[in-house]
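Notes for the structure review
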Amino acid sequence: MNMIELENVSKIFYPGKIPAIALQDVSLQVQAGEFLVVAGASGSGKSTLLNLIGLMDEPTIGKIIIDSVESNHKKEKELTHLRRNYLGFIFQSFHLIPTLTVFENVEHPLRNIERDIYKRRQMVETALNDVALLDYMQRYPNEISGGQQQRVSIARAFAKNPAIVLADEPTANLDFANGVSILQLMEKMNRQKKVTFILASHDPEILSMSHRQILLKDGKIMKDTSAKKGGDYEK
Amino acid sequence: MKNRILSIACDLFGFIKFIVKNIWRNRRRTIITMASIAVGTLTLVLLQSYVQTMDMGLKADAVQKQFGHIQIAANGYFEGDENSGEHMMSLDVVNLVTEKAMELKQVDFVNNRVHLTGIIGTQKKSTIFMGISGIPEAEALMAPTLLKGKLLSASDPYGIMIGNAMAKKLGVDIGESLIAFVSTASGSQEAISVKVRGIYDALMPEQEKVIIYMPINSAWDLMLEKSSHRILIFLNDPAKLDQISQIMQDFIQKNNLHLEVRSWEQLAVFIKQIVGMFQGMIMVVAVIVFLVIIFNIQNTMHMAIHERFREIGAMRAMGSSRMEIVRSFLAEGFFMGLFGALAGMAIALVLMPYINSLHLNLPPGPGSDKPTPIMFTASSAIFLHALLVNLFTAFFASIFPALKGSKIKIIDALRYV
Ligand SMILES: Nc1ncnc2c1ncn2[C@@H]1O[C@H](COP(=O)(O)OP(=O)(O)O)[C@@H](O)[C@H]1O
Ligand SMILES: [Mg+2]
């Protein structure tokens, strides 16, 4: 079953007089539960692709279908609703809210999803347990390390049991050891929770992982390893 | 059910905690904003409490020294050229009404007055006077501040009270004699000899120069008839004003007396005008103060949104609605308004009794030669008003930035470094 489908998607930005083509005629299908790595150099369109799938932006041309629901021309309210219920995000610079504790950060996006505080507390604790941060739940983001902060944001993304989690360069702000452990954690979460996972990166460590990879170059898919096995594309 | 109420309570508590922490993120800026709100609240409370003192003072004075609570006069008197010879009440009528009023337990005392104008002076100097003549015992209760000598007394039917300014002008002192002349209704000139029994001190020098207080018998001697302009009724319970007015009205009707009843509020229109003028001045100050507050809050909110641009983007990406973003910024404005206003009110609560205890004075007001005391009379209505005005202002000032914050493009916010 396809969780995500892109049909001939192009995205053009108009930052000044000259339009910038960020994505060009991209078609893509991602299976439910799949772990997809979006590779490519800086400026190749990875973030743009994730933002479109994350319903934070609209394609200039083409269709995006999430769980058989076409997202084009939806009202802001419906998009908010879809993001709230379908999507989890992991950002390069974590984007934790500094005034909230670890617990509250994970709880914050759940407020509109689970109204019962006991059930919600249970969800938060399960998520924090999954990333091994239960002991840190009363700390504030500035009281824990970068790697721990990214683990909090993983817990935050997975806590609501979303259908899709999107991670844009999640290891770029971390050192090698932390990056590796974050990767392993994300793989584990993808396996355990059966969540469709899309990870954008130009980190060689990630690119060596044996998952389906697509390579973007100047907004076009240059290579998709789904046909073959393993991550054996050439640069 | 219990669970749901608990959940709502917890969410509300969590929300308020979140808002307060957000407000506190940039302490310096928040303190400046809340200080401006506190100053605004303080200004509003002080000005209104000051005007309240004035209002109450004017009203008390108007009742005690000028009008009584209820006045009764001949039909047309209140509308007409007040103190002319027409529209007078005969002594019989005055006595009838006075007796009726005195029967009522809510009535403290009753006076009746006749107003006359003429010339008063010594052999050497003279001046115009306006005489207020009433029952001496009642006039003693209504008298302005006595500077020298004694108040009017029934035992001294020709002892009068003149103003300090008039005494200076005529060069007379306590115990000295004066001659008073008036033209009577029939056109003749009458004169009597009176004695300065007391010298009073009034707020307005104009009043001191011309107004004299004299026993009603001496006025009757000058007028050659026994009649009165108005009956003044003083209540021991001002709250009963309407009730007593009605009783007197009914009595007048029943006895077919061609009289009219007025309350002091109907007569003392000038108080409304004076207080209204001051309130207009407060409005001007308030508008300026609140423009400053609005500017301050908008600025603070814009900066807060700017600083939290990426955070808002992340929250929106994860499913927070526009409404939630608007709500949280409006709440920030509201709480800044609340804390600022409470601080201003707390300062006012300490400051006002302190300033009152210092007995400070302002320079004399227009037409007066006495300094104006600085006294504050606070009331819960004034505090509540200031609180509501500030909350509304803070809330109102936050609407625009909050809407702006909610409309950011998520991808721009997330790309923003
Ligand atoms: N909001 C935007 N406005 C203008 N140009 C943009 C915007 N977002 C992305 N781009 C352009 O689109 C191209 C792809 O960018 P992006 O998706 O961020 O690449 P990546 O994430 O792979 O580094 C770049 O040339 C970038 O400059
Ligand atoms: Mg990128």
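Definitions and limits used
- Every chain's residues receive numbers from 1 upward, in the order its sequence appears when written.
- Working convention: letters from A go to chains and numbers from 1 go to ligands, in the order in which they are written.
- Reporting in this predicted model follows two pLDDT cut-offs: at least 70 for local features of residues, and 80 or more for side-chain atom pairs to be given and counted; totals over whole chains, interfaces and linings ignore these cut-offs and use all residues.
- Hydrogen atoms and water are omitted, and side-chain values are computed over all heavy atoms in the structure.
- A run of H or I in DSSP counts as a helix once it spans at least four residues, and a run of E counts as a strand once it spans at least two, with each numbered from the N terminus.
- What a helix should span is 1.5 Å times the count of its residues minus one.
- Only protein chains enter the calculation, and the probe is 1.4 Å; a residue is then buried if its accessible area is under 20% of its type maximum, exposed if over 50%, and partly exposed in between.
- Throughout, the arc means that of the directions going from the helix axis to the C-beta atoms.
- By definition in these notes, contact holds between two residues if any of their heavy atoms fall within 4.5 Å.
- In protein, a polar contact requires one atom able to donate a hydrogen and another able to accept it; more generally it is a pair of N or O atoms within 3.5 Å, and residues adjacent in sequence count only if both atoms are side-chain atoms.
- Domains are outlined according to an automatic or database domain assignment.
- We define buried area as the total accessible area lost by two parts upon association, computed with a 1.4 Å probe and summed across both.
- Salt bridge, as applied in this entry: a Lys or Arg side-chain nitrogen positioned within 4 Å of an Asp or Glu carboxyl oxygen.
- If even one non-hydrogen atom of a residue comes within 4 Å of a molecule or strand, that residue is called near it.
- For the area figures, the Shrake-Rupley method with a 1.4 Å probe applies, and any residue is considered shielded solely by the protein chains shown.
- Amino acids outside the nonpolar list (Ala, Val, Leu, Ile, Met, Phe, Trp, Tyr, Cys, Pro) and the charged list (Asp, Glu, Lys, Arg) are all regarded as polar, and Gly is one of them.
- A strand pair is defined by DSSP finding two or more bridges across the two strands.

**Examining helix α4 (residues 117–130) of chain A**
Between its first and last C-alpha, α4 of chain A extends 20 Å over 14 residues, near the 20 Å set by a 1.5 Å rise per residue. Along α4 of chain A, the residues that are buried comprise Ile117, Arg120, Val124, Ala127, Leu128 and Asp130 of chain A. Taken end-on, α4 of chain A shows its buried residues confined to a sector of 160°, consistent with a single buried face. Residues of α4 of chain A that are buried make contact with α3 (102–107), α5 (146–158) and α6 (176–193) of chain A together with α1 (2–23) of chain B. At the N-terminal end of α4 of chain A, a side-chain oxygen is found 2.8 Å from the backbone nitrogen of Tyr118 of chain A, two or three residues along, and the residue is Asp116 of chain A. Following α4 of chain A by one or two positions, Ala132 of chain A has its phi on the positive side, about 60°.

**Digging into the domain arrangement of chain B**
Residues and elements named next belong to chain B. Split by domain assignment, chain B resolves into domain 1 (23–61 + 271–414) and domain 2 (76–257). Domain 1 puts 4 residues into the contact, and the matching count from domain 2 is 6 residues. A combined buried area of about 380 Å² lies between domain 1 and domain 2, and 54% of that area is made up of carbon and sulfur atoms. Inspection of the domain 1/domain 2 interface yields 0 salt bridges.

**Examining the pattern of salt bridges**
Once the charged atoms of two side chains with opposite charge are near each other, the side chains can pair. Tallied over the entire structure, the rule returns 29 salt bridges over all chains. The partner of Arg84 of chain A in a salt bridge is Glu324 of chain B, and the shortest N-O contact between them spans 3.2 Å. One end of the pair, Arg84 of chain A, is in helix α2 (residues 76–86); the other, Glu324 of chain B, is in helix α12 (residues 322–358), on a second chain. For Glu324 of chain B, a relative accessible area of 10% translates into the label buried. Where salt bridges share partners, they join Glu76 and Arg83 of chain A together with Arg316 and Arg322 of chain B into one cluster.

**Details of the site of ligand 1**
Close contacts around ligand 1 come from Phe13, Pro15, Ala22, Ala41, Ser42, Gly43, Ser44, Gly45, Lys46, Ser47 and Thr48 of chain A together with Arg415 of chain B, and that covers them all. Ligand 1 sits at the junction of chains A and B, each of which supplies nearby residues. A distance of 2.6 Å separates an oxygen atom of ligand 1 from a polar backbone atom of Gly43 of chain A. A distance of 3.3 Å is found between an oxygen atom of ligand 1 and a backbone nitrogen or oxygen belonging to Ser44 of chain A. When ligand 1 sits alone it has 560 Å² of accessible area, and the protein chains cover 75% of it. The leading source of residues in the shell around ligand 1 is helix α1 (residues 46–53) of chain A, at 3 residues. For the shell around ligand 1, the per-class residue count stands at 4 nonpolar, 6 polar and 2 charged.

**Describing the pairing of strand β9 (residues 212–217) of chain A**
Residue and element names in this part refer to chain A. With 5 of 6 residues buried, β9 is to be regarded as a mostly interior element. One ladder, built from 5 bridges, connects strand β3 (residues 35–40) with β9; its direction is parallel. Opposite Gly40, over in β9, you have Leu216 as the bridge partner. Here β9 runs beside strand β10 (residues 220–224); their pairing, made up of 4 bridges, is antiparallel. Within β10, the position partnered with Leu216 by the bridge is Ile221. Between β9 and β10, which pair antiparallel one after the other, the connecting turn spans 2 residues, and Asp218 there sits at a positive phi close to 50°.

**A few points about the interface of chain A and chain B**
Taken together, the contacts link 29 residues of chain A with 26 residues of chain B. Interface area for chain A against chain B, summed over the two sides, is near 2,400 Å², with a carbon-plus-sulfur share of 56%. Applying the counting criterion to the chain A and chain B interface returns 7 salt bridges. Glu324 of chain B is the salt-bridge partner of Arg111 of chain A, the closest N and O atoms lying 2.9 Å from each other.

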